[in-house]
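# Reading the structure
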Amino acid sequence: MRIELANVPPQGHLEEVGERSRWAFDAAGRALGGNVKDIGGELSVVVRGESALVRGELRTFVERDCDRCGAPVHLTIEGRVELEYRPEFLEDEGVRELSSSDMALGFYQNGCLDLSDAVCDHIALLLPLQIFCDQPNVESLGVGCTQEALKSPDAVDVDPRFAALQSLKLD
């Protein structure tokens, strides 16, 4: 969903994100690498000088695989959106060095901001590095790796080479 920043009114542009927002589903799918089941929220775009500020709330529900055991899980990514976009700089402008405070900073081209980029950026900033069955906001769709190990720790087969260590008691 492209927005021409010159046409954004002073009070800003509000975009509802929901089941009819195919562009948001596609953007979330690219960012999450999974099958997006639902996305909802709202994004507000306000122009301040050359900067475009994107604020709002987003909630994304996706089906992925656990990075540890490969079991299917449902992952919920939700949170406040606070991103800033500036015009893309040209190569002849020199090198710009970004600091850690610039993590929520993106760039737009030709006076147009693509809200798909904002959805991708927001999810990328909230997405954990690895997704495991036992994490908050993760619902296992079966017997997950961690859940099974916590239920029956004695059922784990011990490699015979380490069987002698089973009787070792640490105090």
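Fair warning: this is a prediction, and the values are worked out from it, not measured in the lab. (Residues numbered from 1 in each chain as written. Predicted model: local features only at pLDDT ≥ 70, side-chain atom pairs only at ≥ 80, totals over all residues. Heavy atoms only, no water.)

### Things to note about the nonpolar core
- The biggest cluster of nonpolar side chains holds 37 residues, and the ones touching the most others in it are Leu43, Val54, Leu113, Leu115 and Val119.
- Looking at this core, the elements with two or more residues in it are helix 1 (22-32), strand 3 (35-48), strand 4 (51-65), strand 5 (72-87) and helix 2 (115-126).
- Ignoring anything within four residues of it in the chain, the contact list for Leu113 reads Met1, Arg2, Ile3, Leu5, Val45, Ala52, Val54, Tyr85 and Tyr108. (Core = buried A, V, L, I, M, F, W, Y, C linked by side-chain atoms within 4.5 Å. Buried < 20%, exposed > 50% of the residue type's maximum accessible area, 1.4 Å probe, protein only. Helix = DSSP H or I, 4+ residues; strand = E, 2+ residues; numbered from the N terminus. Contact = heavy atoms within 4.5 Å.)

### A look at helix 2
- In this model helix 2 runs 17 Å from its N-terminal to its C-terminal C-alpha over 12 residues, within 8% of the 16 Å that 1.5 Å per residue would give.
- All of the buried residues in helix 2 are Leu115, Ser116, Ala118, Val119, Cys120, His122 and Ile123.
- Near the N-terminus of helix 2, the side chain that reaches the backbone nitrogen of Ser116, with its oxygen 3.0 Å away, is that of Asp114. (Expected span 1.5 Å × (residues − 1). Polar contact = N/O pair within 3.5 Å; in protein donor to acceptor, adjacent residues only side chain to side chain.)

### A look at the environment of Tyr85
- The topology assignment puts Tyr85 in strand 5.
- Between the C-alpha atoms of Tyr85 and Leu105, which are 20 residues apart in sequence, the distance is 5.6 Å.
- Apart from the residues lying within four places of it in its own chain, the contact partners of Tyr85 are Glu50, Ser51, Ala52, Val54, Gly106, Phe107, Tyr108, Leu113, Asp117, Ala118 and Asp121.
- A polar contact is formed between the side chain of Tyr85 and the backbone nitrogen of Ala118, at a distance of 3.4 Å.
- One polar contact links Tyr85 to Asp121, side chain to side chain, over a distance of 2.6 Å.

### Overview of helix 1
- Among all positions in helix 1, only Trp23, Ala24, Phe25, Ala27, Ala28, Gly29 and Leu32 are buried.
- As for helix 1, its buried residues are in contact with strand 2 (13-17), strand 3, strand 4, strand 5 and helix 2.
- Residue Gly33 follows helix 1 closely and has a positive phi angle near 65 degrees.

### Side note on the pattern of salt bridges
- Scanning the model with the defined rule gives nine salt bridges in all.
- The partner of Lys37 in a salt bridge is Glu63, and the shortest N-O contact between them spans 3.9 Å. Taken together, the residues span a long stretch of sequence, with Lys37 in strand 3 and Glu63 in strand 4 at a distance of 26 residues.
- On the basis of relative accessible area, Glu63 is assigned to the partly exposed category, the value being 28%.
- Linked by salt bridges that have partners in common, Arg55, Glu57, Arg80 and Glu82 make up one network. (Salt bridge = Lys/Arg side-chain N within 4 Å of Asp/Glu carboxyl O.)

### With respect to a nonpolar patch on the surface
- A contiguous nonpolar patch, built from Val158, Phe162, Leu165, Leu168 and Leu170 and spanning about 540 Å² of accessible area, is present on the exposed surface.
- If you trace the backbone, Leu165 turns up in the segment after helix 3 (145-151).
- When its relative accessible area of 52% is taken as the criterion, Leu165 is described as exposed. (Patch = residues over 30% accessible without salt bridge, like charges linked within 9 Å, V, L, I, M, F, W, Y side chains within 5 Å. Areas by Shrake-Rupley, 256 points an atom, 1.4 Å probe, with all protein chains shown as cover.)

### Quick notes on the packing of helix 1 against helix 2
- Relative to each other, helix 1 and helix 2 sit at 35 degrees, their axes nearing to 8 Å. Crossing of helix 1 against helix 2: the hand is right-handed. Where helix 1 approaches helix 2, its residues Trp23, Ala24, Ala27, Ala28, Arg30, Ala31 and Leu32 are matched on the opposing element by Leu115, Ser116, Val119, Cys120 and Ile123.
- Looking at the contact of helix 1 with helix 2, its residues break down into 10 nonpolar, one polar and one charged. (Axes fitted to C-alpha atoms, helices over the stretch in contact; angles between N-to-C directions. Left-handed = near helix turned anticlockwise from the far one by under 90°. Nonpolar A, V, L, I, M, F, W, Y, C, P; charged D, E, K, R; others polar.)

### Regarding unusual backbone geometry
- Its identity as a non-glycine residue notwithstanding, Asn110 has a phi of 50 degrees, on the positive side.
- Relative to the helices and strands, Asn110 is located in the loop between strand 6 (105-108) and strand 7 (112-114).
- Given the relative accessible area of 75%, Asn110 is considered exposed.
- Its identity is not glycine, yet Asn137 carries a phi of approximately 70 degrees, on the positive side.

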